[in-house]
Amino acid sequence: MSEQQFIMTQKGYDEAVEKLNYLMLVKRPEIVERIAEARSHGDLSENAEYDAARNEQAANELEITELDYKIKNAVILEENTDTSFVHIGSKVRVYDMELEEEEVYEITGTTEANAMENKISNDSPLGKAILKHKVGDEVKIMAPDGEYKVLIKEIF
């Protein structure tokens, strides 16, 4: 069985490695310390502090495992400064024809996507649809809640 691959930019890969190191070298020991402190308070069966620390530990370990897997199976894309078409790493100004609004998005791999920063995955409906298109192209997006069109106004 072949491993799943995760497309990343060099910056995204470096950030993932930094986060993994933080989770393993800083956060993990902090959680272990909280567990030890909570344990010292006696009866664990009714110790909410202990339960919360154990839950946090489980979540942290899961995140470490997932991030480690993604890093080990990363495919790092070379930086591409070509602005003649949309590719992973592009910043794109699009005009939503239905909402009559412009928005700028950065196209990233799945591990770097962050809606709060307008970083959208190449696997998202919008990201997938606009890849390889050029300025002036009108692109139909097939989203879960229906289809809509965007006009690519600028690639930078």
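For every chain, the first residue of the written sequence is number 1, and numbering continues from 1 along that sequence. Where local features are concerned, this predicted model is filtered to residues with pLDDT of at least 70; where side-chain atom pairs are given and counted, the filter is 80 or more; whole-chain, interface and lining totals use all residues. Side-chain calculation: all heavy atoms of the structure are included, whereas hydrogens and water are not.

So what's going on with the pattern of salt bridges? Which residues, and what values?
When a carboxyl oxygen of Asp or Glu lies within 4 Å of a side-chain nitrogen of Lys or Arg, that pair is called a salt bridge. The tally for this structure, following the rule as stated, stands at ten salt bridges. When the shortest N-O distance is used, the salt bridge between R28 and E61 registers 2.8 Å. Pair noted here: R28 is in helix 1 (residues 10–39) and E61 is in helix 2 (residues 48–72), with a separation of 33 residues, a long-range link. The class of E61 is partly exposed, set by a relative accessible area of 26%. Linking E102 and K153 is a salt bridge whose minimum nitrogen-to-oxygen distance equals 3.2 Å. Taken together, the residues span a long stretch of sequence, with E102 in strand 4 (residues 101–108) and K153 in strand 7 (residues 146–155) at a distance of 51 residues. Its relative accessible area of 40% is what places E102 among the partly exposed residues. Residue K153 is classed as partly exposed on the basis of its relative accessible area of 40%. Runs of H or I in DSSP of at least four residues are treated as helices and runs of E of at least two as strands, each being numbered from the N terminus. When a residue's accessible area, from a 1.4 Å probe over protein chains only, is under 20% of the maximum for its type it is buried; when over 50% it is exposed; and in between it is partly exposed.

Can you tell me about a negative patch on the surface, naming the residues and giving the values?
Each patch is built from residues lacking any salt bridge and having more than 30% relative accessible area; the joining distance is 9 Å for like charges and 5 Å for nonpolar side chains (Val, Leu, Ile, Met, Phe, Trp, Tyr). Using a 1.4 Å probe, accessible areas were evaluated by the Shrake-Rupley method; residue-level cover was limited to the displayed protein chains. Charge convention: Lys and Arg are scored as positive, Asp and Glu as negative, and His as well as the terminal groups of each chain are ignored. To locate a charge, take NZ of a lysine, CZ of an arginine, CG of an aspartate or CD of a glutamate. Taken together, the side chains of E30, E33, E37 and E49 present a region of like negative charge at the surface. Sorting elements by how many residues they give to the negative patch places helix 1 first, with three residues. By the element assignment, E37 lies in helix 1.

So what's going on with the layout of surface pockets? Which residues, and what values?
Looking at the largest pocket, its volume works out to about 420 Å³. The pocket and cavity definitions rest on a 1 Å grid over protein atoms only: a 1.4 Å probe that fits but cannot leave marks a cavity, an open set with protein on both sides within 12 Å along at least five of seven lines marks a pocket, and residues lining either have an atom within 4 Å of a point. Lining of the largest pocket is provided by 21 residues; of these, T9, E79, N80, I88 and G89 occupy positions nearest its centre. Breaking the lining of the largest pocket down by element, the ones donating at least two residues are helix 1, strand 2 (74–77) and strand 4. If one sorts the elements of the lining of the largest pocket by residue count, helix 1 sits on top with three residues. Grid points are joined across faces, edges and corners, and a volume is the space filled by probe spheres set on the points.

Describe the packing of helix 1 against helix 2, and please don't skip the residues or the numbers.
Contact pair helix 1 / helix 2: the axes reach a minimum separation of 9 Å and the direction vectors enclose 160 degrees. Classified by the angle between their axes, helix 1 and helix 2 sit roughly antiparallel to one another. Here helix 1 and helix 2 pass one another in a crossing that is left-handed. Each residue is assigned to one of three groups, with Ala, Val, Leu, Ile, Met, Phe, Trp, Tyr, Cys and Pro labelled nonpolar, Asp, Glu, Lys and Arg labelled charged, and all others, Gly among them, labelled polar. Here the residues of the contact of helix 1 with helix 2 are counted per class, giving 15 nonpolar, two polar and twelve charged. What counts as an axis is a line fitted to C-alpha atoms, over the stretch in contact for a helix, and the angles between N-to-C directions run from 0 to 180 degrees. When describing relative orientation, an angle under 35 degrees is termed roughly parallel and one over 145 degrees roughly antiparallel, while 65 to 115 degrees is termed roughly perpendicular and anything else oblique. For any helix crossing, the convention is left-handed if the near helix is rotated counterclockwise from the far helix by under a right angle, and right-handed if that rotation is clockwise.

Could you give an account of the environment of D68, with specific residues and numbers?
Relative to the helices and strands, D68 resides in helix 2. In this structure the C-alpha to C-alpha distance between D68 and S124, which are 56 residues apart in sequence, comes to 23 Å.

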